[in-house]
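Geometric and topological summary
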Amino acid sequence: MRIIQGLPQPELIAGLRPVVTIGNFDGVHQGHKALLGKVIRRAREIGGTSVAITFSPHPKAVIGHGAPPRITTEAQRNELMEALGLDVLVIIPFDRDFAALEADAFIDQVLYRGTGLVELVVGYDFRFGRGGLGHYDLLTEAGKRLGFRVDREGVTQIGGQVVSSSLIRKTIQEGDIEEVKLLLGREYFLDGTVVRGHSRGRDLGFPTANLALENEIVPPTGIYATWVEVEPGAAESTFKYGAANIGHNPTFGTNPLSVEVYLLDFDGDLYGRHLRLHFTRRLREERKFENVDALVEQMRLDVEQVRAIFRQERTPLERRS
């Protein structure tokens, strides 16, 4: 996938018959996949190029009351969009000058002159231009005048709910990991670098990797069954079973929130390495134990539960193939 930083320029994709869509695509969830999938299919059908336009930072960080926490980092979003088969991603810097662009100017400068598009596919609720005054009917009128086709992707619903980034944020924060998986079409994952902690897990017989996280949204405190991807994206990437703890380790007093994971059947040095935790199931809430022996016994039970869960699961890598 080719990434273009800045306003689209016709010479960058001239002659490639772009089929274009626009959005924030935070999470690259099932609704996004339906929209992007249509763009990719149409581009292949006409021998064109699939193009997605997005923004950085989130528009609400500039014209709203602050951007919501991101489900995916920009790097994760880009990786997920590339995995779908998208050809070109255009990332436009969003500032007050860009926000002030009138809807007609947006169509002319960003879409028509900027990309030379032959088709545009937008979401069911897409708005654009200053004050969000641009809408689907305005796009179809411009398409007839300027010579590009406009299509609109309908609502994606799962379990009677409209799939949206705001719903997914709420569901992650509530800890409903299995519902999040349905809405995303994949496990929710966190990326982080392994850093040194208090080494309590090692002293208890369950050495854990403590993570300095890249993501903004963390599930609630508790114990989780996770696939642990070591060095995601690298040629030597591997998957291990993991029992992850998000919490304050209350048995040992008052501690700041931490995210740590015990990799089953693993023996090695992970300091400084990049891990990705794919959350599969929430096992239980975090709680304070009367003594260390009670904690160790519960940890043993947690690990056996994780092992039982993953006897019936394929790795995320196997499911992609």
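Criteria and thresholds
Residues numbered from 1 in each chain as written. Predicted model: local features only at pLDDT ≥ 70, side-chain atom pairs only at ≥ 80, totals over all residues. Heavy atoms only, no water. Helix = DSSP H or I, 4+ residues; strand = E, 2+ residues; numbered from the N terminus. Buried < 20%, exposed > 50% of the residue type's maximum accessible area, 1.4 Å probe, protein only. Contact = heavy atoms within 4.5 Å. Areas by Shrake-Rupley, 256 points an atom, 1.4 Å probe, with all protein chains shown as cover. Pairing = 2+ DSSP bridges. Axes fitted to C-alpha atoms, helices over the stretch in contact; angles between N-to-C directions.

1. Some remarks on the overall build of the protein chain
Along the protein chain, the regular secondary structure elements total 12 helices and 14 strands. Along the first, second and third principal axes, the C-alpha atoms of the protein chain reach 75 × 40 × 40 Å. By residue count, 50% of the 321 residues in the protein chain fall in the buried class. Considering only intrachain contacts with a sequence separation of at least 6, the fraction spanning at least 24 residues in the protein chain is 72%. Of the roughly 15,400 Å² that the protein chain leaves accessible, carbon and sulfur atoms contribute 48%.

2. Focus: the environment of Pro250
Within the secondary structure, Pro250 is located in the loop between strand S12 (238-247) and strand S13 (258-263). Residues Pro250 and Thr221, 29 residues apart in the sequence, show an inter-C-alpha distance of 11 Å. Here Pro250 is in contact with Glu286, Arg287 and Lys288, once residues within four sequence places are set aside.

3. Description of the sheet that holds strand S11 (residues 222-230)
The strand order S9-S10-S13-S12-S11-S14 describes a closed barrel built from 6 strands, whose pairing is antiparallel. The sheet shows a mean angle of 45 degrees between the axes of neighbouring strands, direction not considered. For S11 and S12, the ladder comprises 9 bridges, and the chain directions are antiparallel. Note that in S12 the partner of Trp227 across the bridge is Tyr241. Across the sheet, helix H9 (residues 177-184) lies against strand S9 (188-195), S11 and strand S14 (274-284), angled at about 125 degrees from S14, the strand it touches most.

4. Overview of the environment of Asp137
Along the chain, the position of Asp137 falls in helix H7 (residues 136-146). On the basis of relative accessible area, Asp137 is assigned to the partly exposed category, the value being 46%. Along the primary structure Asp137 and Val150 are separated by 13 residues, whereas in three dimensions their C-alpha atoms are 9.5 Å apart.

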